[in-house]
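# Chain and residue survey
If you want the building blocks of each chain, they are given just below.
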Amino acid sequence: MAAAVKADGYGHGLVRVACALDADAFAVACIEEALILREAGINRRIVLLEGVFEAEELLACARHDLDIAIHHPEQLRMLELARLEQPLRVWLKIDSGMHRLGLEPDTLLTVRQRLHACPVVHTQIKLMSHLARADERDCDYTVQQLRIFETAAADFTGERSLANSAGILGWPDTHFDWVRPGIMLYGASPFVDSLAPDEDLRPVMSLQTRLIAIKRLRRGEPIGYGGTWTCPEDMDVGVAAVGYGDGYPRHAPSGTPVLINGRAAALIGRVSMDMITLDLRRHPEARIGDPVLLWGEGLPVEQIAQAAGTISYTLLCGVTARVRREVIPAPVIYG
Ligand SMILES: *Cc1c(COP(=O)(O)O)cnc(C)c1O
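So, here is what we can say about the structure in this document.

What counts and how
- Residues numbered from 1 in each chain as written.
- Predicted model: local features only at pLDDT ≥ 70, side-chain atom pairs only at ≥ 80, totals over all residues.
- Heavy atoms only, no water.
- Helix = DSSP H or I, 4+ residues; strand = E, 2+ residues; numbered from the N terminus.
- Contact = heavy atoms within 4.5 Å.
- Core = buried A, V, L, I, M, F, W, Y, C linked by side-chain atoms within 4.5 Å.
- Buried < 20%, exposed > 50% of the residue type's maximum accessible area, 1.4 Å probe, protein only.
- Domains from an automatic or database assignment.
- Near = heavy atom within 4 Å.
- Polar contact = N/O pair within 3.5 Å; in protein donor to acceptor, adjacent residues only side chain to side chain.
- Areas by Shrake-Rupley, 256 points an atom, 1.4 Å probe, with all protein chains shown as cover.
- Salt bridge = Lys/Arg side-chain N within 4 Å of Asp/Glu carboxyl O.

## Details of the environment of alanine 134
In this structure, alanine 134 sits in the loop between β6 (126–128) and α7 (141–152). Between the alpha carbons of alanine 134 and proline 190 there is a distance of 8.7 Å; along the sequence they are 56 residues apart. Once residues within four sequence positions are removed from consideration, alanine 134 is found in contact with Thr142, Asn164, Ala166, Gly167, Trp171 and Phe191.

If you want it as structure tokens, here you go:
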């Protein structure tokens, strides 16, 4: 299993996540992320999912024992020209339908022959590809991609890898030798039509703040920038200390849920940089200092993403540096 820890461990902290996960390998997007892991003393296998962007990076890959993807003939040429102290482990990436990165399947044989002739490449080459629509359960595109991948890999004896989280949970035929989970490790559903609890996943991240003000407003008074929400009656409005400056989505509309003291309440008015405003009409017990949960345990991040017209990935990755991180050890579960 290669755990995807790119983008700062989906916003959870790259090194923190790598130390917590018992994975056979860590998958990152670029060499900068890999070197942070090596500097922190992580000595598991690390795969650069996009390989190297320039030939000089190959030296560091050899020195730090990093696996590389080869997805383009240009990268192959860099390898053929390289002089390295150690052979590199290569994951050949083919394009089975994502049409983003990947070699054309019909060039695979030639590419493999060239790699085998390359003294700086480890003899055991792996084959990988990436799924474009596995998050849609009733879509046969995944079946088509699987067929293309299997055809390309027909005479290939090395290890194979295709599944992301959606492939792992929804498409067992895509598992092969190495699965590459990302979002599911962080307790969010990869599917367009389900929430973490439906997939038996528990959120790793809870984003929480506090109520810092409670205001009594009169009927007809508008709230916040643009006055996009107007009090329909005399009512209490809560102000919580979180905004887009923390990574809370500015596009979350009025009605987006939060939990005050564990009970659902609605966002009203525009999200500002440092604050949001909340409807306290059904929260007469609310007091300044009370906890306000934006997403996490009890409030799936997918639900907030849906309301804001985005996906859980962007919300998790987008929590900004000023948000204080607290690590709470997971309870030990005895099976
Ligand atoms: C990010 C990534 C993954 C993990 O995807 P999830 O949807 O988060 O599970 C797997 N493979 C590749 C190539 C990736 O870039």
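Moving on from the model shown.
## Points about the nonpolar core
In terms of nonpolar packing, the biggest core is built from 86 residues, with Ile68, Leu79, Tyr248, Ile276 and Trp295 touching the most fellow members. The two domains that each donate at least three residues to this core are domain 1 (2–195) and domain 2 (207–317). In this structure, leucine 79 is in contact with Leu58, Ile68, Ile70, Leu88, Val90, Leu115, Cys118, Val120 and Val121, ignoring residues within four places of it in sequence. If you look at the next biggest cluster of nonpolar residues, it comprises eight residues, including Ala2, Leu49, Trp91 and Trp178.

## Remarks on the site of the ligand
For the ligand, the set of nearby residues contains 13 residues, the closest of which are Lys6, Tyr10, Ser165, Ile183 and Tyr313. In this structure, an oxygen atom belonging to the ligand sits 2.5 Å away from a side-chain N or O atom of serine 165. Interatomic distance of 2.9 Å between a backbone N/O atom of glycine 182 and an oxygen atom of the ligand. A total of 390 Å² of accessible area belongs to the ligand in isolation, and the protein chains cover 91% of it.

## Quick word on the pattern of salt bridges
Under the defined criterion, the tally for this structure stands at 19 salt bridges. Across the pair arginine 89 and aspartate 67 runs a salt bridge, and its minimum N-O distance is 3.8 Å. Of this pair, arginine 89 sits in the loop between α5 (73–81) and β5 (90–93) while aspartate 67 is found in strand β4 (residues 66–70), placing the two residues 22 residues apart along the sequence. The exposure class assigned to aspartate 67 is buried, which follows from its relative accessible area of 0%. Arginine 322 is the partner of aspartate 246 in a salt bridge, and the nearest nitrogen-oxygen pair spans 2.6 Å. With a gap of 76 residues between them, aspartate 246 in the loop between β11 (235–240) and β12 (257–260) and arginine 322 in the segment after α10 (312–317) connect regions that are remote in the sequence. On the basis of relative accessibility, which here comes to 8%, the residue aspartate 246 falls in the buried class. A relative accessible area of 47% means that arginine 322 is categorised as partly exposed. A network of salt bridges, in which partner residues are shared, links Arg45, Asp65, Asp67 and Arg89.

Purely spatial values, then, with no claim about function.
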